[in-house]
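Fold and geometry: a report
Listed below, chain by chain, are the residues.
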Amino acid sequence: MKVKTLELQIGPIHTPIGEALVVFDDEKSLRAFDWKDHEDRMLRLLRRQYGVGLDLRLAKTPNEITRAFDAYFGGDLKALEQIPCQTAGTPFQREVWSALRSIPAGQTRSYGQLAAKLGRPKAMRAVGLANGSNPIGVVVPCHRVIGADGSLTGYGGGLERKRWLLAHEGVQLALSA
């Protein structure tokens, strides 16, 4: 039995907090974003979500995607909202990821607040797991989710990057965070 192959392209993005990789399809929809030092995890997430073989071709990152990231890191905090995204994942994961995109730059939500917004106030852990499986970091802003006490919680790119992204967006963090 032949395994279906998903053909995608991968290209670099330069950011002030490290080299990143973007995975996109022929329609220039973003399928994944992660930091270069976490490329293995990104590829695992893609394989898990799509359940197929991946044929990743190195390609020039589309100008629209590069411009949006340059604008975001240059201070236009809404620039990433225009990037079209396509994900797989379960219906619940996609629901969480959609809710993440509704958190405005400069604001944060706790896992409990996000679960309540989804009409599932007791699903905090499930929301956390879906958040951790987000294949499109920064654009689907999982970094905007913090602990109920205002503390920084895990971030796949590392807490220093999460801290930087939140500060870049104007979030005032507690000194103990």
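Points about the pairing of strand S2 (residues 18–24)
Burial runs high along S2: five of the seven residues are buried. The antiparallel hairpin formed by strand S1 (residues 5–15) and S2 contains two residues in its connecting segment. Hairpin connection from S2 to strand S3 (residues 30–35): five residues lie between these consecutive antiparallel strands, with Lys28 at a positive phi of about 70 degrees.

As for the side chain of Arg161
In this structure, Arg161 sits in helix H6 (residues 159–168). A polar side-chain atom of Arg161 sits 3.2 Å from a polar atom in the side chain of Asp37. Of the polar contacts made by the side chain of Arg161, one reaches the backbone oxygen of Gly157; its length is 3.2 Å. Setting aside its immediate chain neighbours within four residues, Arg161 contacts Ile17, Gly18, Trp35, Asp37, His38 and Tyr155.

A closer look at the sheet that holds S1
Strand order across the open sheet formed by four strands is S3-S2-S1-S4, with mixed pairing between neighbours. Looking along the sheet, the strands with just one partner apiece sit at the ends: S3 and strand S4 (53–58). Taken over all neighbouring pairs, the strand axes of this sheet differ in orientation by 30 degrees on average, direction set aside. The strands that helix H2 (residues 63–73) touches are S1, S2 and S3; relative to S1, the one it contacts most, it runs at about 35 degrees.

Section: the packing of aromatic side chains
How two aromatic rings sit relative to each other is set out by the distance from centre to centre and by the angle between their planes. In the structure shown here, the tally under the stated rule is four aromatic pairs. Measuring from centroid to centroid gives 5.9 Å for Phe73 and Trp164, while their planes differ by 45 degrees, and the two rings are tilted. With Phe73 in helix H2 and Trp164 in helix H6, this residue pair connects regions lying 91 residues apart in the sequence. Given a relative accessible area of 12%, Phe73 falls into the buried group. Members of the aromatic cluster, each reached through a chain of ring pairs, are Phe33, Trp35 and Phe69.

Reading the values: rules and limits
- Residues numbered from 1 in each chain as written.
- Predicted model: local features only at pLDDT ≥ 70, side-chain atom pairs only at ≥ 80, totals over all residues.
- Heavy atoms only, no water.
- Buried < 20%, exposed > 50% of the residue type's maximum accessible area, 1.4 Å probe, protein only.
- Helix = DSSP H or I, 4+ residues; strand = E, 2+ residues; numbered from the N terminus.
- Pairing = 2+ DSSP bridges.
- Polar contact = N/O pair within 3.5 Å; in protein donor to acceptor, adjacent residues only side chain to side chain.
- Contact = heavy atoms within 4.5 Å.
- Axes fitted to C-alpha atoms, helices over the stretch in contact; angles between N-to-C directions.
- Phe/Tyr/Trp six-rings, centres within 6.5 Å; stacked < 30°, edge-to-face > 60°.

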